[in-house]
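These are the residues of each chain, in order.
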Amino acid sequence: MKASTFTSNVLSRISLEKPVITEGKFTYGYFTPDEAVTEGPVPGTQLTRENSRTQLLLSPRRNTIAIMPTSSKRTSLSSEKAVSLVKENINKLYSSEDIGNTGATTIASQDTNVLDRAYQLILRAAESREIEGNFTDIAADLGLSLPDSVDKSLLQELGVRYASAGAQFAVDRNRIESGKFGQARSFTSTTVVADKFALDIVLNTPQASPGASEALQEVRNDVAAVQSIARQENQQISSNDYITVVDPVSVKAGSAKTFDYDISALANVVYRKEHRANGITSTKLLSVIPVDSQNFTDFQVMYGTQYHYWIHTVYVMRTSAITANTGQVVTVDILLQSEPSNTISIHSSETVPPPPPADIAIRWDYYERKPVVTWSFPPNPQRDIKYFQVFKRASVNEPFELQVEYDFNDSLVKPKRYESIEPTNTKPVDTPVLSFVDANFKKESTAIYAVACVDARGLVSNYSAQIEASFDKIRNRLSTKYVSPGNAPRPYPNVFLRGDLFLDSIVTKNKRRIKAYFDPEYLKLVDRFGNDMKLFGTVDDGTSYKISVIDTDRAEDLVVDMSITDLLRTKAD
Amino acid sequence: MGFLDHSTSNIIVDAVLTDIGRQFLARNDGSFSIVKFALADDEIDYTMIQKYGRIVGKEKIEKNTPIFEAQTIAGLALKYRCVSISNPNLTKMSSMTITGEGLDSSGTTLSMTASSTTSSRLLTFTQSVVGENLVDVELRDQQFLVKVPNNFVQIAGAAPDYVDVDNVAYYTLLRSPTTTAAGGSVLSFTLVLKSITDTQFSVFGTSSDKTIIKAVASVTGMQSGAVKDFNITISK
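K.L.:
In this structure, what is going on with the overall build of chain A? I would like to understand it.
P.N.:
Counting its regular elements, chain A contains twelve helices and 23 strands. Within the span of chain A, comprising 573 residues, buried residues form 37% of the whole. In chain A, of all internal contacts separated by at least 6 residues, the share reaching a separation of at least 24 is 68%. Total accessible area computed for chain A in this model is approximately 34,400 Å², and 51% of it derives from carbon and sulfur atoms.

See the structure below:
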């Protein structure tokens, strides 16, 4: 076994209080066609109490982070001068490791993906144990195998991450973020290691969590280079190792008799790292803000991008120093930046569906001799409605059928649609169309019309108000009837009708026998991707159907089990 | 419906049913149901803002504006309805310009002559907004309400939705498929003279010249609310 020995310096560091980011949120103002490919505009003037509301209204989208400033001693400079001083000397910021020693590296890690990772881990565990069902079922089954000391509700809390699988939950996400997973996400660890052993320490660090391991792996290449360089340097310990060379922002004559120092907080520097949908990652210094700022708004946001924010507090340290060339004792001001705050991640996307179209009306066009359905844009501050859909059905007992979809989406990046629209039903138009002439309407028929809209994300609205139209030949005019108020959900267009939404049971009397018929319209149903939806269960998979017969006079009941044998498959076999 | 906010009055909301509303109520079949409402600012004199500024003018409007009694005639109850627009930064409403054959230089009077080739006129109404590059999508008119004197003119290729007691014909016309560069809507239609008898000229002709009939027509954008009125001068 070969062993090497390296000299190492004493590690020393200056501890500077760092700020904390307490919250981050994305606010969607309104739609712009280039929102997914261009960063939002920066307001022209500083936000003040007078113009802040106007600027926020003009802002199409923004990320806002809430900051808990440090409690350190403040500089005597005004906030404007302090910010200006930092901006002018942004290349002269020293970290505590720059000042403390010259042979050590600081490694900061934070597991921001703990939620995603835990979610995927549970799904894989369910798959290996062949547990099926929704996330509630999975969480309940997995919870049985956990010891009592484990909080099983954590599994269910992760269900909110189902959003990544395409479903949306109405659960307040902040509740989860502020829970145990939120605490885990915001936990930041900072480690100072000697350069000469940096890579060895990283490689031999026990993997406390997959997230910590991933965070260390990200810096692995950097650390390897640091260690390689450090080991190639002089192995002698020199007094020069204890000399820190800095470029101060100001120099004044000093005295060799007193060697004192003073540190005060100047400003906060905001950094941003972004992960774009196309895979591009970049990091940049975003802004210098006053040290007492309790929030920061980033207007240069691109829709659909994941952003990570962190902050350093910049301090000014006044201390004595010796000039390198003349050896003169002077008093210098040096800018130091604290360790990074915790990192907050914000995904700039919104999931608010549009409201249903307003003012639906039907009139008779006496020249075309056809009904004309008209509607208007609903008040929608997001201004992101990009499709209108016109539906029609013959009666409330039938489902709606799409007649036409007007596509006026001018977005540079088209959305993922959650519906499958027949191309023949889609009409691309340059400008919104708010009317529909039903060329298939027969004067003898009755039709119920409703309109819905789809936004730039592909999110669909509920139905508008439903209007029934029929032609009164005697009066030679269109008769309309208000069938249902607006906002009925797509799956339940009759939800606002008076009467039972569902037929709970079949009521009959004086019967002695029941004949049950299995007469499905389809033997196999597939989803849009061609996958069998497995809606029919047969004897082969142990499925049974039950008929519950209740005698209301005698208060007795009987449950009849029925099963279906798939003769088609049997014959094929 | 009138809305009164007066400290010395007990009346806060003065609501009456319009004649149409009474008809629906009279059906007595449970179908009467109020499903929406509209607001209007018929009483508001906005020149007060120009005269006294936003703060004082607003206060004068709030305190000094008399409120109309509630009207049972639907056509008079709300003349200047408020519209809901999603864009809170919208500062300019759209307007309409008229072009076509037989118009005078100011575009306010259309000349037509009976029994000649000028008995029909092709008119084009274009929606635009001053000082902006684009017409807000919610203000782009999709339908236009065209009111013409039914005794004298009609619109070619269209039938009126109804004709009121004053013989004003109401047409609802859809916009043309093309739009302007600013996204504004365009409406084109041909106004055609009906057969006008000498008796009509003698009855409806101007007092100074019984060979000329003067009438008024108007076009209203259903989304923007923009109105364009123009005179029609019909010569014998």
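Further notes follow.
K.L.:
Which parts of the structure should I look at to understand the sheet that holds strand β9 (residues 295-298) of chain A?
P.N.:
Each strand in a sheet pairs with another by means of backbone hydrogen bonds, the pair being arranged parallel or else antiparallel. Residue and element names in this part refer to chain A. Ordered in space as β1-β2-β9, the three strands form an open sheet in which the pairing is antiparallel. At either end of the open sheet lies a strand with only one pairing partner, and these are β1 (20-28) and β9. Averaged over all neighbouring strand pairs, the angle between strand axes comes to 20 degrees, with direction disregarded. Inspection of the sheet shows β1 paired to strand β2 (residues 61-68) by eight bridges, in the antiparallel sense. The residue bridging Val20 from the neighbouring strand is Met68, located in β2.

K.L.:
So what exactly am I meant to see when it comes to the pattern of salt bridges here?
P.N.:
When their charged atoms lie close together, side chains carrying opposite charge are able to pair. All names here are of chain A. One pass over the full model with this rule turns up 20 salt bridges over all chains. A salt bridge links Glu39 to Arg272; its shortest N-O distance comes to 2.9 Å. Taken as a pair, Glu39 in the loop between β1 and α1 (52-58) and Arg272 in strand β7 (residues 261-275) lie far apart in primary sequence, 233 residues in all. A residue is classified by how much of its surface remains accessible, and Glu39, at 23% relative accessible area, is partly exposed. Between Asp247 and Lys92 there is a salt bridge, with its nearest N and O atoms 3.8 Å apart. Taken together, the positions of Asp247 in the loop between α11 (220-232) and β6 (250-253) and Lys92 in the loop between α2 (79-88) and β3 (93-95) put the pair 155 residues apart, joining distant regions of the chain. Asp247 gets classed as partly exposed once you look at its relative accessible area, which sits at 37%.

K.L.:
So what exactly am I meant to see when it comes to the sheet that holds strand β11 (residues 212-221) of chain B here?
P.N.:
All names here are of chain B. Taken in spatial order, the six strands line up as β4-β12-β11-β6-β9-β8 in an open sheet, and their pairing is mixed. Two strands bound the open sheet, and with one partner strand each, they are β4 (109-113) and β8 (162-163). With four bridges connecting them, strand β6 (residues 143-149) and β11 associate as antiparallel partners. For Leu145, the partnering residue across the bridge sits in β11 and is Thr220.

K.L.:
I would appreciate a short explanation of the pairing of β7(A) in the present structure.
P.N.:
If a strand is regular, its side chains alternate between the two faces of the sheet. Residues and elements named next belong to chain A. As defined by bridge partners, β7 adjoins strand β10 (residues 306-322) across 14 bridges and the pair is classed as antiparallel. Bridge assignment links His275 to a residue of β10, and that residue is Gln306. Pairing analysis gives nine bridges linking β7 to strand β8 (residues 281-290), with the strands arranged antiparallel. Residue pairing in the sheet places Asn268 in a bridge with Ile289 of β8.

K.L.:
Which parts of the structure should I look at to understand the interface of chain A and chain B?
P.N.:
With 23 residues of chain A in contact, the opposing surface of chain B contributes 24 residues. Approximately 1,900 Å² of surface area, both sides summed, lies buried where chain A meets chain B, with 55% of it carried by carbon and sulfur atoms. The largest per-residue losses of area from chain A upon contact with chain B belong to Arg363(A), Arg383(A) and Thr431(A), which jointly make up 27% of the total buried on that side. On inspection of chain A and its partner chain B, the count reaches zero salt bridges. For the pair chain A and chain B, the number of links is nine residue pairs in polar contact (both at pLDDT 80 or more).

K.L.:
When you look at the environment of Val483(A) in this model, what are you seeing that I'm missing?
P.N.:
All names here are of chain A. In this fold, Val483 is placed in strand β21 (residues 477-484). Using a relative accessible area of 18% as the deciding quantity, one classes Val483 as buried. Residues Val483 and Ile448, spaced 35 residues apart in sequence, show a C-alpha to C-alpha distance of 7.9 Å. When near neighbours in sequence (up to four residues on either side) are disregarded, Val483 contacts Val396, Ile448, Gln466, Ile467, Glu468 and Leu497.

Calculation criteria
- Residues numbered from 1 in each chain as written.
- Chains lettered and ligands numbered in written order.
- Predicted model: local features only at pLDDT ≥ 70, side-chain atom pairs only at ≥ 80, totals over all residues.
- Heavy atoms only, no water.
- Helix = DSSP H or I, 4+ residues; strand = E, 2+ residues; numbered from the N terminus.
- Buried < 20%, exposed > 50% of the residue type's maximum accessible area, 1.4 Å probe, protein only.
- Contact = heavy atoms within 4.5 Å.
- Areas by Shrake-Rupley, 256 points an atom, 1.4 Å probe, with all protein chains shown as cover.
- Pairing = 2+ DSSP bridges.
- Axes fitted to C-alpha atoms, helices over the stretch in contact; angles between N-to-C directions.
- Salt bridge = Lys/Arg side-chain N within 4 Å of Asp/Glu carboxyl O.
- Buried area = accessible area lost by both parts, 1.4 Å probe.
- Polar contact = N/O pair within 3.5 Å; in protein donor to acceptor, adjacent residues only side chain to side chain.

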